[in-house]
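Secondary and tertiary structure notes
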Amino acid sequence: MKKITLLAITIASISLGACNKNDDTVTDNFETLKTEVLADFTNVVAVKGYADLDNAASALNTAIQNLNTNATEANLTEAKNAWKNMRSIWEKCEGYLFGPVEDNDFDPNMDTWPTDYVQMDSLLASSNPLTVADIQNITLSLRGYHPIEYIIFGDHGSRTAASITARQKAYMVSLSTDLKNTCHELYLSWTAAPTNFAQQVINAGNGSAVYAKKQEAYLAIVEAMIGICDEVGEGKMKEPYVAMDPAIVESPYSGNSVSDFRDNIIGLQNVYLGNLGTANGKGINDLVAAKNISLDNKIQNQISAAINSFNNITVFYEEAIISQRIQCQQTMAALATLKTTLEDELKPFIIQNIQD
Amino acid sequence: MKKLYVISLIVSVVLLFTMCNKAGIFNESGYDERLSGGMATVFDETSKSFGHEIPFLNERDLAVHEIGDAAFEQTFVSAPAPVNSGLGPIFNNVSCISCHHNDGKGTPTAGFVNSSLLFRLSIPGTDANGGPLPIPGFGGQLQDVAIFGKQPEANVNISYNNINVTYPDGEIVTLRKPTYTVTNAYQSLPSNYLISPRLAPPVFGLGLLQNIPEATILSFADEFDTNGDGISGKPNYVFNSYTHQMELGRFGLKANVPNLLMQVAGAYHQDMGITNYVFPVESSYGQSQSDALNDDPELADSLLNHVVFYIKTLAVPARRNTTDADVQAGKQLFTQLNCSGCHKPVIQTGIDLNISAINNQRIQPFTDLLLHDMGDDLADNRPDFLATGKEWRTAPLWGIGLFAKTNGTPFYLHDGRARTIEEAILWHAGEAQQSKQKFMQLSKTNRLKLLKFIQSL
């Protein structure tokens, strides 16, 4: 009997020793992960996203120049596709709206809504120069994506190549060049001096001038995730839905609103998973899974549910707020659920587990 | 029996008084220092920290807050337009958020799309209600942007001169003093015009400030410095053009606005050219830029009210690092130097039965909402009701340590001339001269402790 007791104690000691060792490994891994996730968010998601945007802006500029030189329907289609492609990349970049994009007003410089038709008509009817420098000094509602969208798509895609006037052509060329310049500056703000924001995030808690602690950088990322959830669910979707007013819907010329909304949440998903396209990095999900697998499952499921719910909206959003109100409401509810989880569970998780 | 009765009576009275005592205010250690806004505090130290609703709003209030939030971000366009119609014809910026970046401050430039600086104008003298005398053809504010085809009233060029300040220990700090030059005026300005720069201030916590009882603010006043501490403190009384009454000024950088409705309605009207039920006539009325449209008021009454409610219900970010030894030492220095003479650390708000989180809260705004002479270098030399050309309202310091987060590059003081909190302190003069001198005489270590405390707000 004594022997058995001794044996039991020995086994128990070994087991406890093993547990202990295991904990150390988990802790070590978690410590390494904290650094890796910030690096992968920066390099795999953020910088790569802005690099893609920079390239897409150049492609749009080329397509618009081709349309300007040769106003065929084929070239108009090319320009429309280039616009939609760039728009999709940008909306995904909105999954991390912090840093230079907000500090240096990149967002309003390229994505102000609504378009000012009265001033646009006056500008186009005038003989004022329409160089890139002129566009840079013009009011925000005459710059960026939406005036380009208006010129190449017309109302719900009704534009024909032959109907684009010479003044509109000059305007769209300068607009797309201005947009290309803005996107390039945005890319440089993360990758080059003086801001070099990528280094500020990667070196959080280790000499970063912006984030004294890693926790601050993580909270900035999580607050941006919460922010985009809120902007889509409580803003872009809810405002026209409550008012039942199609005129408030963003991106009406291309009918791109639902894609825009979905891409915003895919951007959020990219941030959480540390993925972009085929590139897979370490994401916040790895940190959460290391300590609380059920929370990670919950967040991933809620993100997927929100993204998939957009498939139920099968008409332009301007129409959906009238004819598919239940579907719109279900998507907004899915976004609200996700937002609550991010606020009430992911944020406290970060505060509790990443304190340096 | 009689004894028993007397004893019961005595016990009851003692119990009663004990209970009264218990209901009083706790001593200092009974409160969590981090709760700058009392119950209306939010824990976020990121760039979004100024933009959260106060906790415990009911479902209906939350919905109103969100509508106001969305409206705060809306870009206005020129009339007639299907949405957000009525911009200008002359204005300073196109949306609330354009100036109040992340519900905070902005950039001290003027006339650009990302500018947050505007200029008040007047000529010497007062109007019928004791306010600044507007300039015929310009009004009381310079609109330096116009819609296509209209001319802005003027542009303002900003240049800075460097001034070195040397501490007794030999350390030198370079300050920059702004000079404003008005150019391209659409018609000639009178030679004796007065101009005052105003950088957009943060907009959180204002429901709490509005809810401070008038008697509390007046209790801080010491207009003739009867206690001899070199600090006076004077309330501003301003004309409310909506109620047609003289009222205590609380908002605006010279306490020249009585309440949030007038502040928000005035910003729509003057900064964006959006007419509303409080100011139904275009800011450009009678000028050559005025539009001939019969579309006033351009802003729905409910939207104005919702934006006022949004501002009223923005929470205050919690303090950080309150247990840090340097921060605690800095807190003591803040009191020893009598910074707290104007930047009042603790105030109790009054009653608001509709919104529990701003009702009867112990808040730490670090302002007395009173006017103080800040010396010649900060003077705008443009009186505003009872505020002289040297007087400014004490700026609340809550949230000041987060300006770098919310703004990217932080700027301080009424015109954004200060690039660091240290520079802002060194600009203090007038009634704050003694405190500033004491600050300069501190050792470098202690100066850093004080700055660390202010960064924790």
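These figures come from a predicted structure and were not determined experimentally.

This paragraph deals with the overall build of chain B. Scanning chain B from terminus to terminus reveals 12 helices and 16 strands. Taken over C-alpha atoms, the radius of gyration comes to 24 Å for chain B, in line with the 23 Å a tight globule of 457 residues would show. The C-alpha extent of chain B, read off along each of the three principal axes, is 95 × 60 × 45 Å. The 457 residues of chain B split such that 52% are buried. For chain B, the share of sequence-separated contacts (at least 6 apart) that also reach a separation of at least 24 residues comes to 66%.

This part covers the overall build of chain A. For chain A, the count of helices and strands is 16 helices and two strands. A total of 356 residues make up chain A; the buried ones form 49% of that total.

Residue and element names in this part refer to chain A. Close contact between helix H13 (residues 284–291) and helix H14 (residues 293–309) brings their axes to 6 Å; oriented N to C, the two are set at 140°. Between H13 and H14, the angle falls in the class oblique. The segment H13 lies against H14, with Asn285, Val288 and Ala289 engaging Ile293, Leu295, Asp296, Ile299 and Gln300. Residue composition of the contact of H13 with H14, by class: five nonpolar, two polar and one charged.

The subject of this paragraph is the nonpolar core. Within soluble globular proteins, side chains that are nonpolar tend to cluster in buried spots. Formed by 210 residues in total, the largest nonpolar core has its most connected members in Leu53(A), Met86(A), Ile221(A), Met225(A), Cys229(A), Val264(B) and Ile311(B). The leading source of residues in this core is helix H1 (residues 2–69) of chain A, at 14 residues. Setting aside residues up to four positions removed in sequence, Ile311(B) forms contacts with Val203(B), Leu206(B), Leu260(B) and Val264(B).

All right, on to the interface of chain A and chain B then. The interface of chain A with chain B comprises 28 residues on the first partner and 24 residues on the second. Every element with two or more residues in the side of chain A that touches chain B is listed here: helix H3 (100–103), helix H5 (117–125) and helix H10 (214–236) of chain A. Among the elements that make up the side of chain A that touches chain B, the one with the highest residue count is H10(A) (seven residues). Here the side of chain A that touches chain B is composed, by residue class, of 12 nonpolar, eight polar and eight charged.

This part covers H10(A). Residue and element names in this part refer to chain A. Between the first and last C-alpha of H10 there are 32 Å, a value that for 23 residues agrees with the 33 Å anticipated at 1.5 Å per step. At Asp230, H10 is deflected by roughly 25°, the largest bend along its length. Counting buried positions along H10 gives 20 out of 23 residues, so the element sits mostly inside the fold.

What follows concerns the pairing of strand S8 (residues 172–183) of chain B. Along a regular strand, successive side chains alternate from one face of the sheet to the other. All names here are of chain B. Two elements, strand S7 (residues 155–166) and S8, share 12 bridges in a ladder whose sense is antiparallel. Opposite Val156, over in S8, you have Val182 as the bridge partner. The loop that links S7 with its antiparallel partner S8 comprises five residues; one of these, Gly170, has a positive phi angle of about 95°.

Below, the discussion takes up the confidence of the model for chain B. In the predicted model, chain B carries a mean pLDDT of 94, and 97% of its residues have values of at least 70. For this predicted complex, the interface confidence reaches an ipTM of 0.86, while the overall pTM sits at 0.91.

Residues and elements named next belong to chain B. In terms of strand pairing, strand S3 (residues 117–126) meets strand S9 (residues 194–199) through six bridges, oriented antiparallel. Its bridge partner being in S9, Leu118 is matched across the sheet by Arg198. What sits between S3 and strand S4 (residues 132–133) in their antiparallel hairpin is a turn of five residues, with Gly130 showing a positive phi close to 90°.

Time to look at unusual backbone geometry. Here Trp113(A) and Pro114(A) are connected by a cis peptide whose omega angle stands at 5°. Mapped onto the fold, Pro114(A) is located in the loop between helix H4 (106–110) and H5. A cis amide bond links Gly88(B) with the next residue in sequence, Pro89(B), at an omega value of 10°. Non-glycine residue Asn321(B) carries a positive phi angle of around 55°. Judged by the 16 C-beta atoms lying within 10 Å of it, Asn321(B) falls in the partly exposed class.

We now examine the packing of helix H2 (residues 73–93) of chain A against helix H7 (residues 145–153) of chain A. Residue and element names in this part refer to chain A. Two elements in contact, H2 and H7, have axes separated by 10 Å at closest approach and are oriented at 150°. Here H7 runs roughly antiparallel to H2, going by the angle between their axes. Regarding H2 and H7, the two cross each other, and that crossing is left-handed. Together, Leu76, Ala79, Lys80, Trp83 and Arg87 of H2 and Tyr145, Ile148, Glu149, Ile152 and Phe153 of H7 make up the contact between the two elements.

Residues and elements named next belong to chain B. Counted at 1.5 Å a residue, the expected span for helix H6 (residues 260–271) with its 12 residues is 16 Å, and the 15 Å between its end C-alpha atoms agrees. Counted residue by residue, H6 has 11 buried out of 12 residues, so it is predominantly covered. Along H6, the residues that are buried comprise Leu260, Leu261, Met262, Val264, Ala265, Gly266, Ala267, Tyr268, His269, Gln270 and Asp271.

What follows is about the environment of Ser284(B). Residues and elements named next belong to chain B. In this fold, Ser284 is placed in the loop between H6 and helix H7 (301–312). It is 9.2 Å that separates the C-alpha atoms of Ser284 and Phe91, two residues lying 193 residues apart in sequence. Filtering out sequence-adjacent residues up to four positions away, Ser284 remains in contact with Pro89, Ile90, Gln289 and Ser290.

Conventions used here
Residues numbered from 1 in each chain as written. Chains lettered and ligands numbered in written order. Predicted model: local features only at pLDDT ≥ 70, side-chain atom pairs only at ≥ 80, totals over all residues. Helix = DSSP H or I, 4+ residues; strand = E, 2+ residues; numbered from the N terminus. Rg over C-alpha atoms; globule rule 2.2 N^0.38 Å. Buried ≥ 20, exposed ≤ 12 C-beta atoms within 10 Å, placed from the backbone. Contact = placed C-beta atoms within 7 Å. Axes fitted to C-alpha atoms, helices over the stretch in contact; angles between N-to-C directions. Parallel < 35°, antiparallel > 145°, perpendicular 65-115°, else oblique. Nonpolar A, V, L, I, M, F, W, Y, C, P; charged D, E, K, R; others polar. Core = buried A, V, L, I, M, F, W, Y, C linked by C-beta atoms within 7 Å. Expected span 1.5 Å × (residues − 1). Bend = angle between axes of the 7 residues up to and from the residue. Pairing = 2+ DSSP bridges. pLDDT = per-residue confidence, 0-100. Left-handed = near helix turned anticlockwise from the far one by under 90°.

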